[in-house]
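Residues per chain are reported as follows:
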Amino acid sequence: MRTTFMRIALSTLVTVALLGAEAAESDVTELSASNFDKWTSAQSLSLVEFMAPWCMFCQSLAPAYEAAATALKKDKIPLAKVDCTVNEGLCDLMDIGGYPTLKVISNGAFAPYNGTREESGIISYMLRHKQPPLPEIPAAKLEEFKGAHGTAVVGYHGSSSSVFATLEEVARELRDQYSFGYTPSKKLAKQQGVPAPGIAIYNGDNDEFEIFTGQVTVADVRQFVKSVSVPVLGELSSQTFRSYISTGIPIGLVFYNSEASRKELEKMLLPVAKKFRRAVSMAFVDARIYLKHARMLNLKPQWPAFAIQSMEKRTKFLFSQDKDISESNIRHFVSSFVEGRIQPDYKSEPIPSNNDGGVFNLVAKQFNEIVFDPTKDVLVLFYSPACIHCRRMAPAYEELGEKLKGSKGVLIAKMDATINDIPTSDPDMDITGYPTILLVRAKDNKVIRYSGNRSVQSFIDFLKLNAVRFDDVQGGGVEKVDSDPAYVVMSNHDLGFTPKDTRHIEL
């Protein structure tokens, strides 16, 4: 027994020693508030992870991050990490909204890391940032560059050209998404059929390319690159979604439910997609896989179907499912959208026949009329019936509504945001989780986000402080406001991201 115990003890000591040695040999530098500024200012290029030890996404990232740190040592690109649970002030200063957050530091400037969280992705992303944003492409490597980099942007000009300066600025901004290069060879430009100085974009390994023909400004070149970076009538999927979103252009969604239907639609709609590609990126969506997205758009399960969705403005435009999908019908619909002749569609519950309670039941159909009424301060709770925190706060919110029921200048309202769209593109009305409570102030309609605790008195104190037309309401003194209430984030977890707001929450 004693021998067995000694063996176990010895084994434990060896394991601890090995783990200690492994930790000591880590190639990831640990930063704190005391050495952060000095370390980051000394690096020409580095990557810093802001993390929390309990975060499962941070734990998942750790092996790849460590391996990348080791691999990048020879290239003199150090990786570091900051434990935000013990450096909270530093992380607040760096505006860290969740874990893990990765930031690229280049000569003292901080920028978001937009690469993947795999070892190879981290390595390739950082090596790309070590190169100049607009490198010269050797003549012998041009064909390889065009076919091996997804979307490749090639400038045909010299390094002293004004076109070079413009394209370099665009490349510095967009090189995380696209590959940029230039060649000063006029011979190559002639062979490629590109006027020099000029800019061309190549998508994939085919011979098709587009030549920039507009005014050579940063804004125009940027828009050109984004608009032609996705295929004409390509396939929208979980793998390609980000590339379409990054264009900033509305997406024309062509839903199909069979390969035969897709082929027929492609032949029919390709001319439309080519004509409007700078204004609308048309793409196929397999309704058998992405039925949930079709439902979110409020489409019936009848295929094929067509809709235009603007992620930037959070609007959608549905082609009537009572009409036939034909080239002429879709051409007219897209043309009407581009010219601003059609109104967006919003998902909405019916307007309630009885709305005499203390809390007004708001629906999308009457949202703008009620919420942006300049004669009233409107407090709106955006909730989900499935959200436990929404259910917990419901009694207090209902009590608030009853207290203020007689107020002529303040309306307490709520809206089920899972079955009602928010018919406004105002960024201050962006709902990222439940519950979200916003005050739309009387007169100027300024939107003020509520972040206090969920007691009746705190709601009243908030209204007294911020509402324009708050009537005298019975209530006691001001309670201490808890700035970190429980909150359900809608989508960040799907992206592998732990919201910082959950760090102190015990559900």
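Residues numbered from 1 in each chain as written. Predicted model: local features only at pLDDT ≥ 70, side-chain atom pairs only at ≥ 80, totals over all residues. Heavy atoms only, no water.

Q: Requested: an account of the sheet that holds strand β1 (residues 28-31), with residues and values cited.
A: Across the sheet, which stays open at both edges, the five strands sit in the order β1-β3-β2-β5-β6 with mixed pairing between neighbours. The two strands at the open ends of the sheet, each matched to only one other strand, are β1 and β6 (109-112). The mean angle between the axes of side-by-side strands here comes to 30 degrees, regardless of whether they run parallel or antiparallel. Taken together, the four bridges between β1 and strand β3 (residues 79-83) define a ladder with parallel strand orientation. Within the sheet, the bridge partner assigned to Leu31 lies in β3 and is Val82. Running at roughly 160 degrees to strand β2 (residues 45-51), helix α3 (residues 56-71) makes contact with β1, β2, β3 and β5 (101-106) of the sheet. (Pairing = 2+ DSSP bridges. Helix = DSSP H or I, 4+ residues; strand = E, 2+ residues; numbered from the N terminus. Axes fitted to C-alpha atoms, helices over the stretch in contact; angles between N-to-C directions. Contact = heavy atoms within 4.5 Å.)

Q: Would you mind going over the pattern of salt bridges in detail, with residue names and values included?
A: What the rule picks out here adds up to 18 salt bridges. Two residues, Asp286 and Arg288, come together in a salt bridge whose shortest N-O distance is 2.9 Å. Taking the relative accessible area as the measure of exposure, Asp286 reaches 8% and is therefore buried. Residues joined in a network through salt bridges with shared partners are Glu210, Arg277 and Arg278. (Salt bridge = Lys/Arg side-chain N within 4 Å of Asp/Glu carboxyl O. Buried < 20%, exposed > 50% of the residue type's maximum accessible area, 1.4 Å probe, protein only.)

Q: Please provide a residue-by-residue account of the packing of α3 against helix α5 (residues 119-130), values included.
A: At their nearest, the axes of α3 and α5 sit 8 Å apart, and the two run at 40 degrees to each other. Compared by their axis directions, α3 and α5 come out oblique. Every pair of crossing elements has a handedness; the one defined by α3 and α5 is right-handed. Facing Leu61, Ala64, Tyr65, Ala67, Ala68 and Ala71 of α3, the residues of α5 in contact are Glu119, Ile122 and Ile123. Split by residue class, the contact of α3 with α5 holds eight nonpolar, no polar and one charged. (Parallel < 35°, antiparallel > 145°, perpendicular 65-115°, else oblique. Left-handed = near helix turned anticlockwise from the far one by under 90°. Nonpolar A, V, L, I, M, F, W, Y, C, P; charged D, E, K, R; others polar.)

Q: Could you give me a rundown of the confidence of the model for the protein chain, with the residues and numbers involved?
A: Scored by pLDDT, the protein chain has a mean of 84; 87% of the residues are at 70 or more. Contacts of residues 472-497 to residues separated by more than four positions or lying in other chains number 71 contacts, the stretch itself having pLDDT below 50. Contacts for the low-pLDDT stretch residues 501-507, under 50 throughout, to residues beyond four places or in other chains number 15 contacts. (pLDDT = per-residue confidence, 0-100.)

Q: Got a sec to walk through the state of the cysteines? Specific residues and values, please.
A: Overall, the coordinates contain one disulfide when judged by the stated rule. One disulfide in the model links Cys84 with Cys91; its S-S distance is 2.0 Å. Because the sign of the S-S torsion sets the handedness, a value of about -85 degrees for the bond joining Cys84 and Cys91 places this disulfide among the left-handed ones. There is no split in this pair, since Cys84 and Cys91 are both buried. (Disulfide = S-S within 2.5 Å.)

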